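Descriptive structure summary
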2 protein chains.
Amino acid sequence: MDPAVIKEIQAITGPDNVKTSVEERRCYSYDGRTEGAIPELIVFPSSAREVSAILKLANTHRFPVIPRGQGTGLTGGSVPVDGGVVLSFTRMNRILEIDTANLIAVVEPGVVTFTFQEEAAKKGLFYPPDPASYKYSSIGGNVAECAGGPNSLKYGVTRDYVLGLEVVLPTGEILHLGVRTMKGVVGYDLTRLFVGSEGTLGVITRITLKLIPLPEAKATILALFNEVEEAAETVSAIIAAKVVPSTIEFMDKASIRCSETASPMGLPENVGGLLLIEVDGSRESALVQAEKVRAIAAGHRAIRCDLTENPAEADKLWQARRALSQALYTVAPLKIAEDVVVPRSEIPTLIRSLEAMRERYGIPILSFGHAGDGNFHVNLMIQDTPDDRAKAHEAVKEIFSEALRLGGTMSGEHGIGLSKAAYLGMELSGEVMTAMKRVKQLFDPNNILNPGKIFPD
Amino acid sequence: MDPAVIKEIQAITGPDNVKTSVEERRCYSYDGRTEGAIPELIVFPSSAREVSAILKLANTHRFPVIPRGQGTGLTGGSVPVDGGVVLSFTRMNRILEIDTANLIAVVEPGVVTFTFQEEAAKKGLFYPPDPASYKYSSIGGNVAECAGGPNSLKYGVTRDYVLGLEVVLPTGEILHLGVRTMKGVVGYDLTRLFVGSEGTLGVITRITLKLIPLPEAKATILALFNEVEEAAETVSAIIAAKVVPSTIEFMDKASIRCSETASPMGLPENVGGLLLIEVDGSRESALVQAEKVRAIAAGHRAIRCDLTENPAEADKLWQARRALSQALYTVAPLKIAEDVVVPRSEIPTLIRSLEAMRERYGIPILSFGHAGDGNFHVNLMIQDTPDDRAKAHEAVKEIFSEALRLGGTMSGEHGIGLSKAAYLGMELSGEVMTAMKRVKQLFDPNNILNPGKIFPD
């Protein structure tokens, strides 16, 4: 990068907010899964104005700009492909407002999701989106990826809580989009076009969020089944009974064994499926719903069904699920984590197909996830060898193909980023991809913002 | 219009599905409020393929195409500005699927909202969006306008229920967007860009909707207050108490008197404010919530507070609110209906400002609406005289200006269409308007689809 341009950037943010050492730059070359190129510069802006000035410079000198929250993404959305400037939002991490009268909040993009949830909870308010990384991820990244999590089943995803955005276009214009009211239909819904656009259409610098009252009460149920199909049928039966739990987490047999080996909680050897279910609401309804769920599980031959309203005991029931992400690495050193979604009624078919693929490809495939909304985390655990990588590539293609055949989608939460770009044409038609690429070109004519993402080369 | 082009259109849909008589065409020149130009042709397509062929023809011969649901809109969104072809979707009115296992439905755009809600309810499922016109409006029109209604407070607006769309672009490409699962983050969210785009970016030909379980129980509360401020404070107190009613409808003194004159239900003379509140949920929680609401209303000096769980009695409590829309015309023959939204905490200020404007402009201003989400229907009742029209124009400008000053928006439900286009710049910055216009130009380079809407000339 031209030293004169670096000087200009330093003048915009102050020299202390620009990092150039290779040690620091290397830290910004990967996310939760994907390794990319080492960026040329890390810049820590403090305002939309500074972001705008940097983007204008990028258009003049044609260097890539990659916005980055906390880098916990799983598809390489915040990872540089070919040098350029990473914009890190750790300095723009203020909660500007929590308005208890109107149930809204205004935050900067760098606020850690959990920190914000805790501050809201102190005022009796609830910001539901809970991606697995919520203790470390930032709201800006969550918005850019339209993050979801276990409680999306009842509460929806990040999109459902974004009322308004301040966005800097790749060409430098600062847009104020959306509203700070519950409703608003003035002009096109650009707000939600930017949600989930993976940092490719604009840089988010301020977010207006909807909050809801914190539920009064919660109950947690852990149900164990001999057969995975019994767990799957229990999920369908709960939905059919018109109960809407906040969470229905599922673990298959391989996941249960893996978690139990790494962090034993004394689950019986023969458990073929596990459901972890949470219901919440008013004090009157939480326990009634929990008892309904327990009865449904029992009716589907659950071999054990623990129910608690005590938060400390609930934490214990979550142990197997929480231990899992790390425990997977005891199986193999590399994890290919996909997050397909299928209609809930197709869960048993998907599970059987995954079993068959495990046999056929001879690589461990462990699946768990948000069974309530059909969103499965399918983890291929492989050795770092060309052979295993090739097998995994084929298996992933088959997993996507099966999810699509069942009426589902390639991604419920992770987005496309780098790691799924090559598969995009499996889900989207040529016409749809063309329309999306034209939207990208409209907002970013010189392709300076987060280039190389979403679309296949 | 060139008779050869009419012939080509007749060949696409069959001659029976093209109407040319002036009597029929005149019926398509207005919506629920706005009178526009008489279209040259009314066409009733039966498929996306037919819509695509007509749009391709429109690009070749440069004639306007105006998609139309049931024409119940209030801002002229479906009204021709300068002749052209109206596409009416009354033939594409099938419910293609209600999937009870996965809580989704697939419908054609011409399905009447109420018909669809009834079919869903037969299966124990709930499609919440309930615009005032829901008994006659079509889902396609609701999606195009992102319609909301009384129960948006708890259940959100149309956008929150659209999972996927089939859309025909103005240039004729047929796009399949979104998913039929609860989650999906593959590529840009074009689905929600088309929601609320008022028929200007594409023609909706199929809609995948999310459904939720029908609530088990409902309770209705009618609370009367001497002072309008007491009603407003009750709304704030309910929200602060973390109760989320499905509906909080409000009527000011002028609205109550108007309704009572047209359809007497024996409300006391001195009532200054009325709240109609519905709570729903499980049997356990509905009554508990209702009692909480009643206690809050009583604590804010409600002079009467009726509560019922009986649907027939609830219907009686709704009488004043239901009679209102028609009753307004007893005040004056012309209604200018606006639907501003303000943050809930600003409701008392808005009400005071409206009182002052009523005095100042000397025209009846009656307001009622969805107080729970701050969405007010402000109705200026005028004579059809240049003087009254001029006064109303000024008053509307001041109402928008006041809503914006209070942190609100010009429209929560009705959209911009024709009737608010001139005011758009009051809410949106030049940069935002430019970005929106460029999106329009991207999708509709020859400006053939619903021209003259949203943007000021």
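Rules behind the numbers
- Residues numbered from 1 in each chain as written.
- Chains lettered and ligands numbered in written order.
- Predicted model: local features only at pLDDT ≥ 70, side-chain atom pairs only at ≥ 80, totals over all residues.
- Heavy atoms only, no water.
- Helix = DSSP H or I, 4+ residues; strand = E, 2+ residues; numbered from the N terminus.
- Rg over C-alpha atoms; globule rule 2.2 N^0.38 Å.
- Buried < 20%, exposed > 50% of the residue type's maximum accessible area, 1.4 Å probe, protein only.
- Contact = heavy atoms within 4.5 Å.
- Areas by Shrake-Rupley, 256 points an atom, 1.4 Å probe, with all protein chains shown as cover.
- Arc of directions from axis to C-beta.
- Salt bridge = Lys/Arg side-chain N within 4 Å of Asp/Glu carboxyl O.
- Polar contact = N/O pair within 3.5 Å; in protein donor to acceptor, adjacent residues only side chain to side chain.
- Axes fitted to C-alpha atoms, helices over the stretch in contact; angles between N-to-C directions.
- Parallel < 35°, antiparallel > 145°, perpendicular 65-115°, else oblique.
- Nonpolar A, V, L, I, M, F, W, Y, C, P; charged D, E, K, R; others polar.
- Least-squares fit on C-alpha atoms with pLDDT ≥ 70 in both.
- Left-handed = near helix turned anticlockwise from the far one by under 90°.
- Phe/Tyr/Trp six-rings, centres within 6.5 Å; stacked < 30°, edge-to-face > 60°.
- Lys NZ or Arg CZ within 6 Å of the ring centre and 35° of its normal.
- Domains from an automatic or database assignment.
- Expected span 1.5 Å × (residues − 1).
- Pairing = 2+ DSSP bridges.
- pLDDT = per-residue confidence, 0-100.

When you go through chain A residue by residue, the secondary structure sums to 16 helices and 18 strands. For chain A, the C-alpha radius of gyration of 22 Å lies close to 23 Å, the compact-globule estimate for 457 residues. Principal axes of the C-alpha set define a box for chain A whose edges measure 70 × 60 × 40 Å. The burial tally for chain A puts 61% of its 457 residues in the buried class. Counting contacts in chain A only where the partners sit at least 6 residues apart, residues at least 24 apart contribute 73% of the total. Surface exposure of chain A reaches about 16100 Å², of which carbon and sulfur atoms provide 50%.

What follows concerns helix H12 (residues 319-327) of chain B. All names here are of chain B. Looking only at H12, the buried set comprises Ala 320, Arg 321, Ala 323, Leu 324 and Ala 327. For H12, the buried positions fall inside an angular range of 165° around the axis, keeping them on one side. In H12, those exposed residues whose orientation departs by more than 90 degrees from the buried face are Arg 322 and Gln 326. Here the buried face of H12 lies against strand E13 (247-252), helix H9 (253-262), strand E14 (273-281), helix H11 (311-317) and strand E17 (365-370).

Here we come to the interface of chain A and chain B. Contacts between chain A and chain B engage 80 residues on the former and 80 residues on the latter. Lys183(A) is paired through a salt bridge with Asp373(B); the nearest N and O atoms lie 3.3 Å apart. Counting across the interface, chain A meets chain B through 20 residue pairs in polar contact (both at pLDDT 80 or more). Listed by contribution, the elements that provide at least two residues to the side of chain A that touches chain B are strand E9 (174-178), helix H7 (190-194), helix H10 (283-299), helix H15 (424-427) and helix H16 (430-443) of chain A. No other element matches the nine residues that H16(A) contributes to the side of chain A that touches chain B.

A separate point is the packing of helix H9 (residues 253-262) of chain A against helix H12 (residues 319-327) of chain A. How two helices pack is summed up by the angle between their axes together with the distance between the axes. Residue and element names in this part refer to chain A. Packing of H9 against H12 leaves a shortest axis separation of 8 Å and a crossing angle of 85°. It follows that H9 is roughly perpendicular to H12 by the angle criterion. Contact with H9, carried on its side by Ser 255, Cys 258, Ser 259 and Ala 262, involves Ala 320, Ala 323, Leu 324 and Ala 327 of H12 and no other residues of that element. Residues belonging to the contact of H9 with H12 are distributed by class as follows: six nonpolar, two polar and no charged.

Here the focus is the relation of the copies chain A and chain B. When chain A is brought onto chain B, the operation consists of a screw motion whose angular component is 180° and whose axial shift is 0.0 Å, with 0.0 Å RMSD remaining. Expressed as an axis order, the relation between the two copies is that of a two-fold axis. Mapped onto chain B, 100% of the interface residues of chain A again fall at the interface, so both copies present the same surface.

Here we come to the packing of helix H1 (residues 3-13) of chain A against helix H3 (residues 48-61) of chain A. All names here are of chain A. Following both chains from N to C, one finds H1 and H3 inclined at 165°, their axes separated by 9 Å at the closest point. The angle between H1 and H3 places the two elements in the roughly antiparallel class. Crossing handedness for the pair H1 and H3: right-handed. For the pair H1 and H3, the contacting residues are Val 5, Glu 8, Ile 9, Ile 12 and Thr 13 in the first and Glu 50, Ala 53, Ile 54, Leu 57 and His 61 in the second. Here the residues of the contact of H1 with H3 are counted per class, giving six nonpolar, two polar and two charged.

Residue and element names in this part refer to chain A. Topologically, Gly 452 is positioned in the segment after H16. Along the primary structure Gly 452 and Pro 80 are separated by 372 residues, whereas in three dimensions their C-alpha atoms are 8.6 Å apart. Sequence-distant contacts of Gly 452, that is, excluding residues within four places in its chain, are made with Val 81 and Leu 418.

This part covers the packing of aromatic side chains. Each aromatic ring pair is described using two quantities: the centre-to-centre distance and the angle formed by the ring planes. Residues and elements named next belong to chain A. Scanning the entire structure with this criterion turns up 18 aromatic pairs over all chains. With 5.2 Å between their ring centres and 85° between their planes, Phe 126 and Tyr 155 make a pair best called edge-to-face. Of the two residues, Phe 126 sits in strand E7 (residues 125-126) while Tyr 155 sits in helix H6 (residues 152-155), which places them 29 residues apart along the sequence. On the basis of relative accessibility, which here comes to 12%, the residue Tyr 155 falls in the buried class. Members of the aromatic cluster, connected to one another through ring pairs, are Phe 116, Tyr 127 and Tyr 161. Sitting over the ring of Phe 114, Lys 135 keeps its end group 5.0 Å from the ring centre.

Turning next to the domain arrangement of chain A. Residues and elements named next belong to chain A. Under the domain assignment used here, chain A contains domain 1 (3-88), domain 2 (95-213) and domain 3 (217-405). Between the C-alpha centres of domain 1 and domain 2 there is a distance of 22 Å. Across the contact, 14 residues belong to domain 1 and 18 residues belong to domain 2. Along the contact surface separating domain 1 from domain 2 lie zero salt bridges. If you look at where domain 1 meets domain 2, you find three residue pairs in polar contact (both at pLDDT 80 or more). The leading source of residues in the side of domain 1 that touches domain 2 is H3, at seven residues.

Here we take up H3(A). All names here are of chain A. For H3, built from 14 residues, the straight-helix expectation of 20 Å at 1.5 Å per residue is met to within 8% by its first-to-last C-alpha distance of 20 Å. Restricting attention to buried positions, one finds in H3 the residues Ala 48, Glu 50, Val 51, Ser 52, Ile 54, Leu 55, Leu 57, Ala 58 and Asn 59. At the exit of H3 stands Arg 62, carrying a positive phi of roughly 55°.

This brings us to the sheet that holds strand E8 (residues 162-168) of chain A. Strands belonging to one sheet form pairs held by backbone hydrogen bonds; the direction of such a pair is parallel or antiparallel. Residues and elements named next belong to chain A. Pairing in this open sheet of five strands is antiparallel, and the strands run E5-E6-E10-E8-E9 from one edge to the other. Lying at the two open borders of the sheet, with one neighbouring strand each, are strand E5 (95-99) and E9. Taking each pair of neighbouring strands and ignoring which way they run, the sheet shows an average axis angle of 10°. Strand direction decides the pairing type here: strand E6 (residues 104-107) and strand E10 (residues 203-210), joined by four bridges, are antiparallel. By the bridge assignment, Val 107 is partnered in E10 with Ile 207. Sitting on the sheet, H3 touches E8, E9 and E10, and the angle it makes with E8 is about 45°.

Below, the discussion takes up the sheet that holds strand E2 (residues 41-43) of chain B. All names here are of chain B. Reading across the sheet, the four strands line up as E1-E2-E4-E3 and stay open at both edges, with mixed pairing between neighbours. One side of each edge strand has no neighbouring strand; the edge strands of this open sheet are strand E1 (18-19) and strand E3 (65-68). Bridge analysis of E3 against strand E4 (residues 85-88) gives four bridges, and the strand direction is parallel. If you follow Arg 68 over to E4, its bridge partner there is Ser 88.

All told, the structure shown has 55 salt bridges over all chains when counted by the stated rule. Between Arg257(B) and Glu269(B) there is a salt bridge, with the nearest N and O atoms lying 3.9 Å from each other. With a gap of twelve residues between them, Arg257(B) in helix H9 and Glu269(B) in the loop between H9 and E14 connect regions that are remote in the sequence. Among the charged side chains, a network of salt bridges with common partners joins Arg33(A), Glu338(A), Asp339(A) and Lys420(A).

Scored by pLDDT, chain A comes out at a mean of 95, with 100% of its residues at no less than 70. On the interface metric, ipTM, the complex scores 0.96, and its pTM is 0.97.

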